[in-house]
Amino acid sequence: MTSIKRFYVLLVGYEMVPKSLSLRGGDSRIMIAEPICCYLVDTDTGWILMDTGLDESRLRDPELAKQFYMSRGWSALPVVRPTHSLLDQLNAIGVQPADVTRVFLSHMEADHTGYLKLFRHAKVYVQRAEYIFATETPPFLGNITEDYDFPDIDWQLLDGDAELVPGLQIISTPGHTPGHQSAVATLPSGTRLVLTFDAGDFLENFEQEQLPGSASGGDEAALASIRRLNELAKQSGSMLFPFHDPVFIQGVKLAPLYYE
């Protein structure tokens, strides 16, 4: 049985990165426009938001853009257009931030934590190893500590796999970062979406078992996580749902459409 009623994909922007950042051995001269998403899950016990996108307010201010992106080594600024607005997309579905009672963070890099500040009333689920890594390591390329440095966030620290609600399984997939986590969502139809997040950005990472370009959690762990997700996707009725794949996103139902 699953408590999931509807599953929404919110496209909240793009980041411009060299292919080598997502695919180990990829040509660094090739720039890829990679989608940034959030997943909104309507369940019997309330709304769950999976990742919170990227705070585009820092892109509109040249000084903030320089401080938080270009001075930290980003190769180009992300692209977040008005049609990518997280709040507007939630509103179109009839959801306000206050309606979200649980937030799942795959990990704590900037394109996943941008609007966490709007959900400090909610329980926030993250792996303990990720929380320690993100809060005790000096700021680096992928993290903006100002996104999550709030004393009132209700952190729910996990140690491995867990069931968030019936039908939404949290899968520990370290490698890309020390505490990265993925998920499996079972829809009312019985289809199981294997949500990879950044364990592998592209379908290619999984089809060729090719490491992500960045693996601060270790190459061995990263490869084991890719293989684990592949095994889950082989189960009957399951499909890989890559997070940053620029081709895959073009065939996805985007909010306000949904999966059920």
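Rules of the game
- Residues numbered from 1 in each chain as written.
- Predicted model: local features only at pLDDT ≥ 70, side-chain atom pairs only at ≥ 80, totals over all residues.
- Heavy atoms only, no water.
- Helix = DSSP H or I, 4+ residues; strand = E, 2+ residues; numbered from the N terminus.
- Contact = heavy atoms within 4.5 Å.
- Pairing = 2+ DSSP bridges.
- Axes fitted to C-alpha atoms, helices over the stretch in contact; angles between N-to-C directions.
- Buried < 20%, exposed > 50% of the residue type's maximum accessible area, 1.4 Å probe, protein only.
- Expected span 1.5 Å × (residues − 1).
- Arc of directions from axis to C-beta.

K.L.:
Could you give an account of the environment of P78, with specific residues and numbers?
P.N.:
Residue position: P78 is located in the loop between helix 3 (62-68) and helix 4 (86-93). Between the C-alpha atoms of P78 and L193, which are 115 residues apart in sequence, the distance is 27 Å. In contact with P78, other than residues within four places in its own chain, are Y14, E15, L54, L59 and Y69.

K.L.:
Give me the sheet that holds strand 1 (residues 4-18): which residues, what numbers.
P.N.:
With respect to topology, six strands assemble into an open sheet ordered 1-2-3-4-5-6, the strand pairing being mixed. Lying at the two open borders of the sheet, with one neighbouring strand each, are strand 1 and strand 6 (154-158). Neighbour-to-neighbour, the strand axes of this sheet turn through a mean angle of 20°, independent of strand direction. As defined by bridge partners, strand 5 (residues 123-127) adjoins strand 6 across five bridges and the pair is classed as parallel. When the sheet's bridge partners are listed, V124 is paired in strand 6 with W155. With respect to the sheet, helix 4 is in contact with strand 1, strand 2 (31-43) and strand 3 (46-50), its orientation differing from that of strand 1 by roughly 160°. In the packing of helix 6 (residues 128-136) onto the sheet, the strands contacted are strand 5 and strand 6, and the crossing angle to strand 5 comes to about 90°.

K.L.:
An account of the pairing of strand 10 (residues 192-197) is needed here, citing residue identities and associated values.
P.N.:
Of all six residues in strand 10, six are buried; the element is thus mostly enclosed. Where burial is concerned, the two faces of strand 10 agree: the one with R192, V194 and T196 and the one with L193, L195 and F197 are both buried. Bridge count between strand 9 (residues 181-186) and strand 10: four bridges; the pairing is antiparallel. Pairing of T186 across the sheet is with R192, part of strand 10. In this structure, the hairpin formed by strand 9 and strand 10 is closed by a connection of five residues, where G190 is found at a positive phi of approximately 100°.

K.L.:
I'd like a rundown of the sheet that holds strand 10, residues and numbers included.
P.N.:
The strand order across the open sheet formed by five strands is 7-8-9-10-11, and the pairing between neighbours is mixed. The open sheet is flanked by strand 7 (162-165) and strand 11 (238-242), the only strands paired with a single partner. Each neighbouring strand pair of the sheet contributes to a mean axis angle of 25°, computed without reference to strand direction. One ladder, built from three bridges, connects strand 7 with strand 8 (residues 168-172); its direction is antiparallel.

K.L.:
Run through helix 8 (residues 219-234), naming residues and quoting values.
P.N.:
With 16 residues, helix 8 extends 23 Å from end C-alpha to end C-alpha; this agrees with the ideal 22 Å at 1.5 Å per step. Buried residues of helix 8: A222, S225, I226, L229, N230, L232 and A233, and no others. Down the axis, helix 8 shows its buried residues gathered within 160° of arc, on one side only. Turned more than 90 degrees away from the buried face of helix 8, the exposed residues are E220 and K234. On its buried face, helix 8 sits against strand 8, strand 9, strand 10, helix 7 (203-207) and strand 11.

Everything listed is a geometric property; what it means functionally is a separate question.
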